[in-house]
Amino acid sequence: MKELSRLVVCTLSLLIAPILAAREIALTFDDAPTPDSALMTGQERTKRLIDALVAAKVPDTLFFVKADYINSDTQKRLEHYAAAGFHLANHSYSHKSASELGTLDYPSDVYKAHLLLKPLKNFLPYHRFPYLHYGKDVAAITSLQQSLTELGYKDGYVTIDNFDWYISSLLTKAAEEKKTINYDRARKFYVEMLYESIEFYDEIAKKSLGRSPQHVMLLHENDAAVLFVGDLIAHLRSKGWKIISPQQAYQDPIARNFPNVAFHKQGRVAAIANSKGIPESELRHASENTEYIDKAFAKAGVYVDL
Ligand SMILES: [Zn+2]
């Protein structure tokens, strides 16, 4: 009897282990190569981000390129990412909303980016919609998916949405206004807020899929990432998360589960949850809101009064 119960416990733990132990996440960076800011030049940004990712032993990342930012100088930055072993992907040419451009003009915009990207080393045919706007309704979404497949692209979906771009914009704005920033507090704020969004979407996944999938996190090639991504990675690892490559994450079965809903702007996990009846209002983290961040940022004492 004892043997039998031991066997049952053993079998159960084997079944449950992959569900509980998954906690795997890939990092992706949108809008590369971003322009100079008050905190650093674009060139510095690329160099420091590569240094941070290499120091953190990140196996790979995808940089989703906004192709109209490419010129002879910025192309060198993309080449540096590729030379460091990271990969490049398509984030459209003009970064306009597919819901506004529509089913004829949006694929043309993506193709224009494709022509600039395809000669670059380490380019992979993944595409991500600006603002995660997949189309204005289900019919447009279906049509755009078909056009992108015909162009040879896979969907570069995310599962973890957040407002990292807004935190970064507050930091660069503060630097423009010559405000003094307490970087330790800013770091803590960035890490905690992004980590909360990861756990939030992972909980939604566990509820709607019954498991934790291999996640894809949306970040941007911005100053906040340069300053704090190493700390975010260290925090993730301290909580049992493993950093994987985006190519590995896109092997997860959710890559083949494109839900037939209009709601895609909070990422794939939220879209799947929505297709299973969970309302949109429950699928967006409170911090995905500029007013919320403004208040929380001030409360955290990120700005130092002179
Ligand atoms: Zn973007």
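This text gives an overview of the structure that appears in the document. (Residues numbered from 1 in each chain as written. Predicted model: local features only at pLDDT ≥ 70, side-chain atom pairs only at ≥ 80, totals over all residues. Heavy atoms only, no water.)

When helices and strands are tallied, the protein shows 11 helices and nine strands. Expected size for 306 residues packed as a compact globule is a radius of gyration near 19 Å; at 20 Å, the protein falls within 12% of this value. Taken along the three principal axes of its C-alpha coordinates, the protein extends 70 × 50 × 40 Å. Counting the 306 residues in the protein, one finds 51% classified as buried. Contacts in the protein between residues far apart in sequence, at least 24 positions, make up 81% of those at least 6 positions apart. (Helix = DSSP H or I, 4+ residues; strand = E, 2+ residues; numbered from the N terminus. Rg over C-alpha atoms; globule rule 2.2 N^0.38 Å. Buried < 20%, exposed > 50% of the residue type's maximum accessible area, 1.4 Å probe, protein only. Contact = heavy atoms within 4.5 Å.)

Right, let's talk about the pattern of salt bridges for a bit. Two side chains with opposite charge may pair up if their charged atoms get near one another. Throughout the structure, instances matching the rule amount to 17 salt bridges. Across the pair Asp68 and Lys66 runs a salt bridge, and its minimum N-O distance is 2.5 Å. Since its relative accessible area comes to 33%, Asp68 is described here as partly exposed. The residue Glu177 makes a salt bridge to Lys173 at a minimum N-O spacing of 3.9 Å. Within the structure, one salt-bridge network assembled from shared partners comprises Lys173, Glu177 and Lys179. (Salt bridge = Lys/Arg side-chain N within 4 Å of Asp/Glu carboxyl O.)

All right, on to the coordination of the zinc ion then. Around the zinc ion, the protein supplies Asp31 (OD), His91 (NE2) and His95 (NE2) as donor atoms, at distances of 2.0 to 2.1 Å. Within one chain, the residues serving as donors to the zinc ion are arranged as D-x59-H-x3-H. Comparing His91 with His95 shows no difference in burial state: the two are buried. (Donors = N, O, S within 2.8 Å, 3.2 Å for Na, K, Ca; no water.)

The next thing to look at is unusual backbone geometry. Note on backbone geometry: most residues besides glycine have negative phi, and most peptide bonds are trans. With an omega of -5°, the peptide bond between Ala32 and Pro33 qualifies as cis. By the secondary structure assignment, Pro33 is in the loop between strand 1 (24-32) and helix 2 (42-55). Of note, the phi angle at Ser92 is positive, near 80°, even though the residue is not glycine. By the secondary structure assignment, Ser92 is in the loop between strand 3 (87-90) and helix 4 (98-117). Positive phi, normally seen in glycine, also occurs at Leu132, with a value near 55°. Among the secondary structure elements, Leu132 is positioned in the loop between strand 4 (123-127) and helix 5 (138-150). The buried category is assigned to Leu132, whose relative accessible area is 7%.

Right, let's get into the pairing of strand 7 (residues 214-220). Of all the seven residues making up strand 7, seven are buried; the element is thus mostly covered by neighbouring parts of the structure. As paired strands, strand 1 and strand 7 are joined by seven bridges and run parallel to one another. Of the residues in strand 7, the one forming a bridge with Leu27 is Met217. (Pairing = 2+ DSSP bridges.)

In this section: helix 11 (residues 290-299). The distance from a side-chain oxygen at the start of helix 11 to the backbone nitrogen of Glu291 is 2.9 Å, and the residue carrying that oxygen is Asn289. Of the residues trailing helix 11, Gly301 is marked for its positive phi of about 70°. (Polar contact = N/O pair within 3.5 Å; in protein donor to acceptor, adjacent residues only side chain to side chain.)

A few words now on the environment of Tyr134. Within the element layout of this structure, Tyr134 appears in the loop between strand 4 and helix 5. The spacing of Tyr134 and Glu199 is 65 residues in sequence and 24 Å in space, taken between C-alpha atoms. At 3.1 Å, the side chain of Tyr134 and the side chain of Asp155 are in polar contact.

Let us look at the nonpolar core. Counting 87 residues, the largest nonpolar core has Phe29, Leu49, Leu53, Phe63, Tyr190, Met217 and Val229 as its most contacted members. When residues in this core are grouped by element, the largest group, 11 residues, is from helix 7 (residues 183-209). With sequence-adjacent residues up to four places away left out, Met217 is seen in contact with Ile25, Ala26, Leu27, Thr28, Ile160, Asn162, Leu194, Ser197, Ile198 and Leu232. (Core = buried A, V, L, I, M, F, W, Y, C linked by side-chain atoms within 4.5 Å.)

Between helix 6 (residues 164-176) and helix 8 (residues 223-238), the shortest axis-to-axis distance is 8 Å and the interhelical angle comes to 110°. Relative to helix 8, helix 6 is oriented roughly perpendicular. Crossing handedness for the pair helix 6 and helix 8: right-handed. Taken together, the residues of helix 8 that come into contact with helix 6 (itself represented by Ser168, Leu171 and Thr172) are Asp223, Ala224, Leu227 and Phe228. Among the residues forming the contact of helix 6 with helix 8, the class breakdown is four nonpolar, two polar and one charged. (Axes fitted to C-alpha atoms, helices over the stretch in contact; angles between N-to-C directions. Parallel < 35°, antiparallel > 145°, perpendicular 65-115°, else oblique. Left-handed = near helix turned anticlockwise from the far one by under 90°. Nonpolar A, V, L, I, M, F, W, Y, C, P; charged D, E, K, R; others polar.)

Remember, this is a structural readout, not a statement about activity or role.
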